[in-house]
Amino acid sequence: MIWVSWRQHRSQAIAGLSLLAALAVFAILVSTSMRSAFSHDGLAACLARSEGISCPAAITGFMNSFDSVVNISFWGVLFVVPGLIGVIVGAPLLGRELELGTWRLAWSQTVPRTRWLAAQLALVTAGLVLLGAAITAVITWYREPMDRLTGHFINRAYDFEGLVLTASILCAFGFAVLAGLLLRRTVAAMVAAFGPWLVIRLVVEFTLRPRFQAPLTLRQSCPHGCNATMGLDAVPPQTGHIGDWVLGVSINAGKQVVTTYQPASRFWDFQFIEAGIFVALTAAALGATIWLLHRRAGWTA
Amino acid sequence: MTETARQVIRQGADGGVPALRTDRLGRRYGKVWGLRNCTIEVPAGAVAALVGPNGAGKTTLLQMIIGLLEPTEGQVKVFGQASRANTTQTLARVGYVAQDHPLYRDFTVADMFRLGRAMNLSWDQQLAAARVAELGIPLGRKVRHLSGGQQAQVSLTMALAKKAPLLVLDEPVSSLDPVARLEFMRDLMAAAADSALTFLIASHVVAELERFCDWLIVLSGGHVQLAGPADDLLGDHRLLTVPRATADSELPGTVIERTDSDRHSTVLVCTDPVQLAVQGHAGWQADPVSFEQLVMAYLQRPAPTIGGDPAPAAQRPWPGAKAVTR
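Residues numbered from 1 in each chain as written. Chains lettered and ligands numbered in written order. Predicted model: local features only at pLDDT ≥ 70, side-chain atom pairs only at ≥ 80, totals over all residues.

**Q** Would you mind showing me how to read the overall build of chain B here?
**A** Summing up its helical and strand segments, chain B has 12 helices and 14 strands in all. For chain B, the proportion of its 326 residues judged to be buried stands at 49%. Within chain B, contacts between residues at least 6 apart in sequence are counted, and of these 71% link residues at least 24 apart. (Helix = DSSP H or I, 4+ residues; strand = E, 2+ residues; numbered from the N terminus. Buried ≥ 20, exposed ≤ 12 C-beta atoms within 10 Å, placed from the backbone. Contact = placed C-beta atoms within 7 Å.)

If you want it as structure tokens, here you go:
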């Protein structure tokens, strides 16, 4: 079964490796110049000395050079990529077998179909985990100088570092496998799985993530007039500590700056919580698939 | 039919363990029965034709036989052992060539064989390789570059190499052109002659089966209309041409189909030849019936009522079928 599964997903594996290679080339090209700019501008020393307060010009210059390519456009493009990877791999797993009728070949050999499905899922999931981990490693390395300025909590970093990227690939994969079973069409299953994945991804990102744990509140009194850093991704943030995720800043009656934030130390807690959500959804979708395939007595095609 | 094949069938009919027996098999899809009360038997070593129009429940029956589909009621026994859908034991006993012979299009022939070896308990790689070599199909060629006939041959080869004692083929030639049909059936029969396997071949095209099959099952409306050794069934039926005024009750045996023209009636009767000789009248003409006429006549009969009769085919009064289906 291992060979069969490998042979069926070989071209997808090659495509995945190509994607990874292209990403690595891009990362090396951009990150090399970013790293040299980072050391040339003396940012490391400035950050160590004062969390960046003492060198605003150098930081602004660095951000002007790299913010658009590293953060904004890159994130905009890559945001949907985990979903696309997941549905492209997941939808054909059952959808194409049912669409083309090859299930009658696959499941009439001597391997019962639930065992066939379990083997396929185990191998493809392992492949996706490896791919997700590799992409995560490349992006984490690629972003490293930028992350030293912005921390890991901004979504451009958070979404691609740690566990979340891999977990959300798996989630789209699980949805697409289930959709393939229900719709019996590859392309329809891709579309049907991607929609809910995107909605969940956006809801988690913008509604749930700031609330995974109760935010902390920092009150800074300012008897000589308040001069708050209102930008939420300023360097350093209003809390004065790079990596803290500032959710909101307000000035209370001209005497006090009130900042709500998630401290940088919660990064891995948040990663585990969010990855847990996606993995649970994956498990639910794949569990439903196995159960339906086991229970469903068959199709006449 | 050869004499040895004949003996094999007789053994089956006389109480040896049949290759296949279904007992009041039924399958419901939602509220609709796709097949019901289906009791058939195929003796070991037979080449059986399962004939019926599209939608007769053939595919449903076959998928229950091979273990892809769980019956709603009734039971399948293959060589005496009860089948359970989607279990290794059941799947290993039956080889299957599905309709349109599905294969993975981006696999090479060698890849397909490797899949067969990986997914089956027993696999005869020598047989598989020798068979495609004989047919001139290159092992390294991708399935999508094979003709329809070659794809059918690869499917059949995989089913043969699985070394299952019962082989089930679902409409094996319906998607092929006439020449490829003929070639496929010829090669299939050569394979059948070389082996001790039992074949069950479903088709809605009667002509292609006539020369090859020694056992006949006619399925219509989800019910078995006729079942038994092909030669006995042909021998038990006569096409009578009688004056139109002749009533059914005057005719020997059971009237299966009657066509009245201006002066004469053509009547297909199921009868004992001896009885026919006794009851025959001057002016009656009795002709042997062809395979196709026989099948068509039974396909056009109304389905027996559901529920009252557990095994409709078994009740019919002809000697060949009776011995087998009881």
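**Q** Would you mind going over the pairing of strand 6 (residues 94–97) of chain B with me for this structure?
**A** Regular strands place side chains that alternate from one sheet face to the opposite one. All names here are of chain B. Of the two faces of strand 6, the one lined by Val94 and Tyr96 and the one lined by Gly95 and Val97 are each fully buried. Pairing of strand 6 with strand 7 (residues 166–170), which is carried by four bridges, proceeds in the parallel orientation. The residue of strand 7 that forms the bridge with Val97 is Leu169. (Pairing = 2+ DSSP bridges.)

**Q** Would you explain the packing of helix 4 (residues 109–118) of chain B against helix 6 (residues 148–161) of chain B in this entry?
**A** Two measures define how a pair of helices packs: the angle their axes make with one another and the distance between the axes. Residue and element names in this part refer to chain B. Where helix 4 contacts helix 6, the axes come no closer than 10 Å and their chain directions differ by 30°. Judged by the inter-axis angle, helix 4 sits roughly parallel to helix 6. In this structure, helix 4 meets helix 6 at a crossing whose hand is right-handed. Contact residues: helix 4 offers Val109, Met112 and Gly116, while helix 6 offers Val154, Met158 and Ala161. A class-by-class count of the residues in the contact of helix 4 with helix 6 yields five nonpolar, one polar and no charged. (Axes fitted to C-alpha atoms, helices over the stretch in contact; angles between N-to-C directions. Parallel < 35°, antiparallel > 145°, perpendicular 65-115°, else oblique. Left-handed = near helix turned anticlockwise from the far one by under 90°. Nonpolar A, V, L, I, M, F, W, Y, C, P; charged D, E, K, R; others polar.)

**Q** Looking at this model, I keep getting lost on the sheet that holds strand 11 (residues 237–243) of chain B. Mind explaining?
**A** One key point about sheets: their strands pair by backbone hydrogen bonds, in either a parallel or an antiparallel sense. Residue and element names in this part refer to chain B. Pairing is antiparallel in the open sheet, where four strands are placed in the order 12-13-11-14. Whereas interior strands pair on both sides, the edge strands pair on one side only; in this sheet they are strand 12 (254–260) and strand 14 (285–288). With strand direction ignored, the average angle separating the axes of adjacent strands in the sheet is 25°. Sheet analysis places strand 11 next to strand 13 (residues 264–270), joined by seven bridges and oriented antiparallel. Residue pairing for strand 13: Leu239 is matched across the bridge by Leu268. Packing against the sheet, helix 11 (residues 291–299) makes contact with strand 11, strand 12 and strand 13, and its axis sits at approximately 95° to strand 12.

**Q** It is not clear to me how the sheet that holds strand 2 (residues 32–42) of chain B should be interpreted in this structure. Could you clarify?
**A** All names here are of chain B. Across the sheet, which stays open at both edges, the four strands sit in the order 2-1-4-5 with antiparallel pairing between neighbours. Each edge of the open sheet is held by one strand with a lone partner, namely strand 2 and strand 5 (81–82). As paired strands, strand 1 (residues 20–29) and strand 4 (residues 73–78) are joined by five bridges and run antiparallel to one another. The residue bridging Thr22 from the neighbouring strand is Val76, located in strand 4.

**Q** I'm lost on the interface of chain B and chain A in this one. Help?
**A** How big an interface is tends to be expressed through the accessible area that disappears when the partners come together. Contacts between the two partners involve 28 residues from chain B and, on the opposite side, 21 residues from chain A. Class assignment of the residues belonging to the side of chain B that touches chain A gives a composition of 15 nonpolar, nine polar and four charged.

**Q** What should I look at first to understand the domain arrangement of chain B in this one?
**A** All names here are of chain B. We note that the domain assignment places domain 1 (3–231) and domain 2 (235–302) within chain B. Of all the secondary structure elements, the ones that give two or more residues to the side of domain 1 that touches domain 2 are helix 8 (207–210), strand 9 (215–220) and strand 10 (223–229). For the side of domain 1 that touches domain 2, the class distribution of residues is six nonpolar, three polar and two charged. (Domains from an automatic or database assignment.)

**Q** Any chance you could explain the environment of Leu43 of chain A here in plain terms?
**A** Residues and elements named next belong to chain A. Within the secondary structure, Leu43 is located in helix 2 (residues 43–50). Under the C-beta neighbour-count criterion, Leu43 is labelled buried, with 21 such atoms within 10 Å. Residues Leu43 and Pro56, 13 residues apart in the sequence, show an inter-C-alpha distance of 9.9 Å. Excluding its chain neighbours within four sequence positions, the residues that come into contact with Leu43 are Phe38, Cys55, Ala58, Ile59 and Phe62.

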